[in-house]
Amino acid sequence: MCYNGFSSQIWSTTMKLHKSITTARIIAACEEGTFGMGNPGICIACGDDADGCEPDARNYTCESCGEAQVFGAEELLMCAS
Ligand SMILES: [Zn+2]
């Protein structure tokens, strides 16, 4: 009912994903994290893949563009769905 004070709620509704980041891509990354060896994340600023992210990672620094916009796959899925 009232989300005042919950910054995560505001964040999830205002977050802009890079145009290359699709729901299917996020789901694939989640599956890789669940069934594979890696811990994939995606940079929402440039759309590049990142590795070594916890599923609930937020604001990790992107190795490609330097922005602190790398999010874990499961975290992205919650925002994209
Ligand atoms: Zn980036």
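Worth saying up front: this structure is predicted, and the values here are computed from it rather than measured.

Chemist: Hey, could you go over the overall build of the chain for me, with residue numbers and the actual values?
Modeler: A count of helical and extended segments in the chain gives three helices and three strands. For the chain, the succession of helices and strands along the chain, N to C, is α-α-β-β-β-α. The buried share of the chain, reckoned over its 81 residues, is 22%. Of all intrachain contacts in the chain linking residues separated by at least 6 positions in sequence, the fraction that spans at least 24 positions is 36%.

Chemist: So what about the sheet that holds strand β1 (residues 41-43)? Which residues, and what values?
Modeler: Pairing is antiparallel across the open sheet formed by three strands, whose spatial order is β2-β1-β3. One side of each edge strand has no neighbouring strand; the edge strands of this open sheet are β2 (49-50) and β3 (70-72). With three bridges connecting them, β1 and β3 associate as antiparallel partners. Looking at the pairing, Cys-43 lines up with Val-70 of β3. Where helix α3 (residues 73-80) meets the sheet, its contacts fall on β1 and β3, and the angle it forms with β3 comes to roughly 90°.

What counts and how
Residues numbered from 1 in each chain as written. Predicted model: local features only at pLDDT ≥ 70, side-chain atom pairs only at ≥ 80, totals over all residues. Helix = DSSP H or I, 4+ residues; strand = E, 2+ residues; numbered from the N terminus. Buried ≥ 20, exposed ≤ 12 C-beta atoms within 10 Å, placed from the backbone. Contact = placed C-beta atoms within 7 Å. Pairing = 2+ DSSP bridges. Axes fitted to C-alpha atoms, helices over the stretch in contact; angles between N-to-C directions.

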